Amino acid sequence: MLDKNGIAKRIAKEIKNNSYVNLGIGIPTLVANYIPQDINVVLQSENGLLGMGPFPFEGEEDADLINAGKQTITTLPGSAIFDSALSFGMIRSQKVDLTILGAMEVSENGDIANWKIPGKMVKGMGGAMDLVASAKNIIVAMQHVNKAGESKLLPECTLPLTGVRCVKKIVTELAVLEVLPQGGFRLIERAPGVTVDYIKSVTAGKLIIDSDVPEMQID
Amino acid sequence: MINKVVVNADEAIKDIQDGMTLMLGGFGLCGIPENCISALVKKGVKELTCIANNAGVDDFGIGLMLQKRQVKKMISSYVGENAEFERQLLSGELEVELIPQGTLATRCMAAGYGMPAIFTPAGVGTEVAEGKEVRNFHGKDYLMELAFDADFALVKAWKGDTAGNLVYRSTARNFNPVMAMAGKVTIAEVEELVELGELDPDHVHTPGIYVHRIFQGKDYEKRIEQRTVRTK
């Protein structure tokens, strides 16, 4: 079983050279720490920055320079700043190659719910609806089950949707799964020490299992 | 050049009345019109509809207006990090319309570009789509979203000149340029008000034609919401 950093490490392997990537809040933010040094990746932050750098050194924080999670960050040589409309323009016109975000639920046809729990949580969708409606490729980083122990991979989402038929891949602490175009979660990899039977027991949606499911290779 | 300068925030907002619709620039607490918000709190106008990406935190930004119950309705994309907001929302004192962030920005942009509506895929198939016209272009569904109609836009820039030309700094730009274009009356507060000729025309982000009033702000706190650092 993976911890949060393990999930982030595994997702980092999905990032291709010379690509523009938007990282959501939570586990997706950690992915930045594991992007291989030998590839060129430009991180987009939807509040208006391309080329997000690491956190500033202590004492060098700039209140005017934050990411979409409102954390103080830095720019890099070659960074660009722009307004919110332009930021979502490049998202809508599919200039951003990959979106990595968290989820409360994903359905077997790729629907995602991550913005609202009626009567309980009313924080809002931020940029998630725009991102999932337009992204070329969406990877979800999440825990396999919720705090109540219920599967988050479902036949249909029960929470209000963020987007429909958009998730391509899911990485959890237990497995890597691909959402098939015709529906269903195809089990691609299992986390070290996790059995296929266990993954089956905590996946409520349709699970497609090949004869041999390899263990994830992460260091 | 037309001189847009007013003396201070109180003067700039003096004709904002109860029940009006305001746009407020900023992302989180970054790039918010701090002086205008303070002046609105002091003036005590009520029943406001506020279009802003976020609702501030409990004791800063729009949170200060929420504390004084000046806001009737918020139109935002993300409103976490504010306990008073959540309390007013769950108790029904505050009306909230949550909309996708790109939709929020683009509805501002549409107003500034003189376009009545835009089409976006954000929210198709979700509760955001309820009651909205859906149009199919090239095999994909889009929602029709209307341009905002705001009485005032309150924005914050880094520098501005007396003609209202504005330059923003870093990610404090965010919603400010699109909101500056969208208000029937746009008020800009700047950290540094400069004379004509001091801004390079090539570097102006918001042309002064969109700005009706400008003043040099004071005592900027520029609070940081999430101070994240690394060690040397």
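Residues numbered from 1 in each chain as written. Chains lettered and ligands numbered in written order. Predicted model: local features only at pLDDT ≥ 70, side-chain atom pairs only at ≥ 80, totals over all residues. Heavy atoms only, no water.

J.: Could you give an account of the layout of surface pockets, naming the residues involved and the relevant values?
T.: Residue and element names in this part refer to chain A. Estimated volume of the largest pocket: approximately 1,300 Å³. Looking at the largest pocket, it is lined by 48 residues, and the ones nearest its centre are Ile 25, Gly 102, Ala 103, Met 104 and Asn 114. Going through the elements one at a time, helix 2 (27–31) and helix 4 (128–134) are the ones with two or more residues in the lining of the largest pocket. Within the lining of the largest pocket, the residues separate by chemical class into 21 nonpolar, 18 polar and 9 charged. Lining the second largest pocket are 28 residues, and of these Ala 32, Leu 43, Met 52, Gly 53 and Pro 54 sit closest to its centre. Listed by contribution, the elements that provide at least two residues to the lining of the second largest pocket are helix 2, strand 2 (41–45), strand 3 (49–52) and strand 4 (75–81). (1 Å grid on protein atoms, 1.4 Å probe; cavity = no way out; pocket = protein on both sides within 12 Å on 5 of 7 lines; lining within 4 Å. Points joined across faces, edges and corners; volume = space filled by probe spheres on them. Helix = DSSP H or I, 4+ residues; strand = E, 2+ residues; numbered from the N terminus. Nonpolar A, V, L, I, M, F, W, Y, C, P; charged D, E, K, R; others polar.)

J.: Would you mind going over empty space enclosed by the protein in detail, with residue names and values included?
T.: Using the criterion set out here, one finds 5 cavities of 30 Å³ or more in the structure. For the largest cavity, the calculated volume is near 70 Å³. In terms of lining, the largest cavity is formed by 13 residues, of which the most central are Gly25(B), Gly28(B), Ile32(B), Asn54(B) and Ile62(B). Its volume calculated, the second largest cavity comes out at about 60 Å³. Ala63(A), Asp64(A), Leu29(B), Cys30(B), Gly31(B), Ile32(B), Glu34(B), Lys156(B), Tyr220(B), Lys222(B) and Arg223(B) together form the lining of the second largest cavity.

J.: Can you tell me about unusual backbone geometry, naming the residues and giving the values?
T.: As a rule of thumb, non-glycine residues mostly have phi less than zero, and peptide bonds are mostly trans rather than cis. The phi torsion at Gln94(A) lies on the positive side, around 65 degrees, for a residue other than glycine. Mapped onto the fold, Gln94(A) is located in the loop between helix 3 (84–92) and strand 5 (98–101). Judged by relative accessible area, which is 34%, Gln94(A) ranks as partly exposed. One non-glycine residue, Glu47(B), lies in the positive phi region at around 55 degrees. Relative to the helices and strands, Glu47(B) is located in the loop between helix 2 (34–43) and strand 2 (48–51). (Buried < 20%, exposed > 50% of the residue type's maximum accessible area, 1.4 Å probe, protein only.)

J.: Got a sec to walk through the interface of chain A and chain B? Specific residues and values, please.
T.: Listed by partner, the interface residues are 48 residues for chain A and 51 residues for chain B. Per-residue buried area on chain A facing chain B is highest for Asp64(A), Lys70(A) and Lys123(A); these three make up 18% of the total on that side. Linking chain A to chain B there are 6 salt bridges. Note that Asp62(A) and Arg169(B) form a salt bridge whose closest N and O atoms lie 2.6 Å from each other. Viewed at the interface, chain B and chain A are joined by 29 residue pairs in polar contact (both at pLDDT 80 or more). Taken together, the elements giving at least two residues each to the side of chain A that touches chain B come down to helix 3 and helix 4 of chain A. (Contact = heavy atoms within 4.5 Å. Buried area = accessible area lost by both parts, 1.4 Å probe. Salt bridge = Lys/Arg side-chain N within 4 Å of Asp/Glu carboxyl O. Polar contact = N/O pair within 3.5 Å; in protein donor to acceptor, adjacent residues only side chain to side chain.)

J.: Please give an account of the environment of Gly160(B) that cites residues and values.
T.: Residues and elements named next belong to chain B. Note that Gly 160 resides in strand 8 (residues 150–161). Given the relative accessible area of 0%, Gly 160 is considered buried. A C-alpha to C-alpha distance of 41 Å links Gly 160 and Val 134, two positions 26 residues apart in sequence. Excluding residues that lie within four positions of it along the chain, Gly 160 makes contacts with Asn 165, Leu 166, Val 190, Glu 192, Leu 193, Val 194, Leu 199 and Ile 214.

J.: Explain the sheet that holds strand 10 (residues 169–171) of chain A to me, using residue names and the numbers behind them.
T.: All names here are of chain A. Taken in spatial order, the 10 strands of this open sheet run 4-3-2-1-5-8-10-11-12-13, and their pairing is mixed. This sheet does not close on itself; its edge strands, each paired only once, are strand 4 and strand 13 (207–209). Averaged over all neighbouring strand pairs, the angle between strand axes comes to 30 degrees, with direction disregarded. The sheet contact formed by strand 11 (residues 175–179) and strand 12 (residues 185–190) spans 5 bridges and is antiparallel. Within strand 12, the position partnered with Val 176 by the bridge is Glu 189. (Pairing = 2+ DSSP bridges. Axes fitted to C-alpha atoms, helices over the stretch in contact; angles between N-to-C directions.)

J.: Provide a residue-level description of the pattern of salt bridges, including the pertinent values.
T.: The final tally for this structure, using the stated rule, is 30 salt bridges over all chains. Across the pair Glu178(A) and Arg186(A) runs a salt bridge whose closest N-O atoms are separated by 2.8 Å. Taking the relative accessible area as the measure of exposure, Arg186(A) reaches 27% and is therefore partly exposed. For the salt bridge of Glu95(B) with Lys73(B), the shortest nitrogen-to-oxygen distance reads 3.9 Å. A residue pair is termed long-range when its members are at least 10 positions apart, and Glu95(B) in strand 4 (residues 95–98) and Lys73(B) in strand 3 (residues 71–76) qualify at 22 residues. With a relative accessible area of 42%, Glu95(B) lands in the partly exposed category. A residue is classified by how much of its surface remains accessible, and Lys73(B), at 17% relative accessible area, is buried.

J.: Before we move on, could you go through the sheet that holds strand 7 (residues 112–113) of chain A and cite the residues and values that matter?
T.: Two strands in a sheet stick together by hydrogen bonds in their backbones, pointing the same way (parallel) or opposite ways (antiparallel). Read from one edge to the other, the open sheet built from 3 strands follows the order 7-6-9 (chain A), with strand pairing classed as mixed. With partners counted over all chains shown, the strands left at the sheet margins are strand 7 and strand 9 (153–154) of chain A, one partner each.

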